[in-house]
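A look at the structure
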Amino acid sequence: MTTDKENKSRLLVTREGVSYVLPFIVVTCCFALWGFANDVTNPMVKAFSKIFRMSVTQGTLVQVAFYGGYFCMALPAALFIRRHSFKSGIVMGLALYAVGVLLFIPARAIGSFAPFLIAYFILTCGLSFLETTANPYILLMGDRETATRRLNLAQSFNPIGSLAGMFVAMNFIQARLSPLDTAQRALLDDAEFETLKQSDLGVLVQPYALLAVVIVTLLVVMLLVRVPVVRQQGRSNGGPVLASVKRLLAGRSYREGVVAQFFYVGAQITCWTFIIQYGTRVFMAEGMPEQAAEVLSQRYNIVAMVIFCLMRFVNIYLMKYFKPGRLLAFFAAVAALLLLVGVISVGGRTGVCCLVAVSACMSLMFPTIYGIALARVGDDAELGSAGLIMAILGGSVLPAVQAMIIDSDITFMPAVNLSFVVPVICFAVVIWYGLRNSR
C-alpha cells in the first residue's frame, strides 16, 4: 500500500502511467549546459574589453549578441517543435550550440571582435532551441499540480553548470590572460598589441573547444535515448499559430509574465556581469593589481552561484507551504533592499557581500515566473514558452543601459555603484508580478 507522499513523488516525473525519469535526467543535463554557457560568458565582457582595448559599453556587445540569439530563435524554435517533437527541438539546439562553440576557432584566427559576436549569436540560437524545448517539456512530464516544483528541480542543475562556467572562466581564462592592466595595454604599439591579443585569444578559445566535445557527446546520447512523446490534451499540434497567440495574449498571467521575465533576466545578468566591475573597483581601491582584483571578484561571483544553487533546493521545499507568487514577491523585495542599501549606498566589501546575497533571492525567480505564466496555457505551451524565452532579451538590453551609466562622468558617487539602480527597477517589476499572482 502506497502513501500519499509516495504517490506525489511518483507524479513528479510520471504522466498518464508513463515514467519520464530517464528523459528527465537527459533533458536536465541540457539545463546544466546552458548554465555553463551563460556564466562562462558574463566575465567575457571584461575580458574582451581588455583584449580589444574597448570601453565597458562596447564590451557589452557580447551580451547583445548572446541574448539577441535567444530573442531571434525562440519563435522559430517553437514552430519547429510544433511541427516535429520535443526531442527534435533538443537535438537541433545541441547541434547549433556545437556549431557556435566551434566557430570560436576561426574567430581567433581572424583576430577581430565581430566573428566572436557571430559565434555567440549562433551559439545562443542553439540555447534558445534548448530552453524553448526543455522548459515546457519538463512542465509536461508529470502532474500539473507539481509542474512548478518539477521545473524548479530541473532548473536546480542550471546553476551547477553555471558554477562550472565560472570556475573555467576564473581559472582557465581570467587567470591566464596577460597580467597587463587596461592602462598598460593602452600604451602598447600596434605590433606589441597584436602579439598580446593573439596570445590572449588563444587562452580564451581553449575552453570553448573542449566544451564542443561535451556538447557533441550529449547530442549523441540524446539521439540514442528513447524519449516518450508528450501529447497535450486536445489538439496534437496546438492549432493555428495566430489563434494560439491571441489566446496567450488574452491571459493576464502569461502576458504580464513575459514582461516580468524580461526584467528579471535583465536583473540577473546585470548583477552577475557587473559584479566583476564592482568588485574590481573595490579591491583595486584597497591596493590590489587589476588582474588579481578581477580574479577575486570572480571568486565572489562563484560564491554567489553556490548560494544560488543551494537556494534552489530550499525553494523547492518552501513551495510545499507557500504560494509561488508570494515567495517571488518576498525575495524580489529583499533583493531590491540589498541593492539599495548595501551595493549602492554603503559600497566597499559590504556592497560586494550584499551583491553576492542577491543571488540567494534570485534563485527561484526564472522558473517560478515561467511556471506561473504557463500554468493555464494548455495546448499553447510551445508558443508560450517561446514568448518567455524571447523575454530573455532583457539580458541583452539592460546590461547595456547599466554599462552606459558605468562609462558616464558621474561625480557625486562611484558610477558603478549608481549603475545598480537598473536591477533595483527590475526587481520592482518582479515584486509587482508576484503580488498580482499571490493567490
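Rules and cut-offs
- Residues numbered from 1 in each chain as written.
- Predicted model: local features only at pLDDT ≥ 70, side-chain atom pairs only at ≥ 80, totals over all residues.
- Heavy atoms only, no water.
- Helix = DSSP H or I, 4+ residues; strand = E, 2+ residues; numbered from the N terminus.
- Rg over C-alpha atoms; globule rule 2.2 N^0.38 Å.
- Buried < 20%, exposed > 50% of the residue type's maximum accessible area, 1.4 Å probe, protein only.
- Contact = heavy atoms within 4.5 Å.
- Axes fitted to C-alpha atoms, helices over the stretch in contact; angles between N-to-C directions.
- Parallel < 35°, antiparallel > 145°, perpendicular 65-115°, else oblique.
- Nonpolar A, V, L, I, M, F, W, Y, C, P; charged D, E, K, R; others polar.
- Polar contact = N/O pair within 3.5 Å; in protein donor to acceptor, adjacent residues only side chain to side chain.
- Phe/Tyr/Trp six-rings, centres within 6.5 Å; stacked < 30°, edge-to-face > 60°.

Below, the discussion takes up the overall build of the protein chain. When helices and strands are counted, the protein chain shows 23 helices and two strands. Over its C-alpha atoms the protein chain spans a radius of gyration of 21 Å, differing by no more than 12% from the 22 Å that the globule rule assigns to 439 residues. Seen along its three principal axes, the alpha-carbon backbone of the protein chain occupies a region of about 70 × 45 × 45 Å. For the protein chain, with 439 residues in total, the buried portion stands at 59%. Across the protein chain, the fraction of contacts at a sequence separation of at least 24, relative to all contacts at a separation of at least 6, is 83%.

Attention now goes to the packing of helix α10 (residues 158-173) against helix α16 (residues 290-318). In a pair of packed helices, the angle between the axes and the distance between the axes together describe the arrangement. Interaxial distance between α10 and α16 falls to 9 Å at its minimum, and their mutual angle equals 170 degrees. The angle between the axes of α10 and α16 places the two elements in the roughly antiparallel class. Contacts between α10 and α16 involve N158, P159, I160, S162, L163, M166, F167, A169 and M170 on the former and, on the latter, V295, Q298, R299, N301, I302, M305, V306, F308, C309 and R312. A per-class count over the contact of α10 with α16 returns 13 nonpolar, four polar and two charged.

Okay, the side chain of N38 next. Structurally, the position occupied by N38 is in helix α2 (residues 21-41). Taking the relative accessible area as the measure of exposure, N38 reaches 10% and is therefore buried. Here W34 takes part through its backbone oxygen, which lies 2.6 Å from a polar atom of the side chain of N38. In this structure, N38 is in contact with F66, Y67 and Y70, ignoring residues within four places of it in sequence.

Looking at the element boundaries, A373 is found in helix α19 (residues 365-373). Separated by 198 residues in sequence, A373 and A175 place their C-alpha atoms 41 Å apart. Look past the residues within four positions of A373 in its chain and what remains in contact with it is S253, Y254, G257, L388 and Y433.

Moving on to the packing of aromatic side chains. For the coordinates displayed, the defined rule picks out 21 aromatic pairs. Pairing F366 with Y370 gives two aromatic rings, centres 5.8 Å apart and planes at 35 degrees, and the pair type is tilted. A residue pair is termed a helical-turn pair when its members lie 3 or 4 positions apart in one helix, as F366 and Y370 do in helix α19 at four residues. According to the relative accessible area criterion, F366 is buried, its value standing at 7%.

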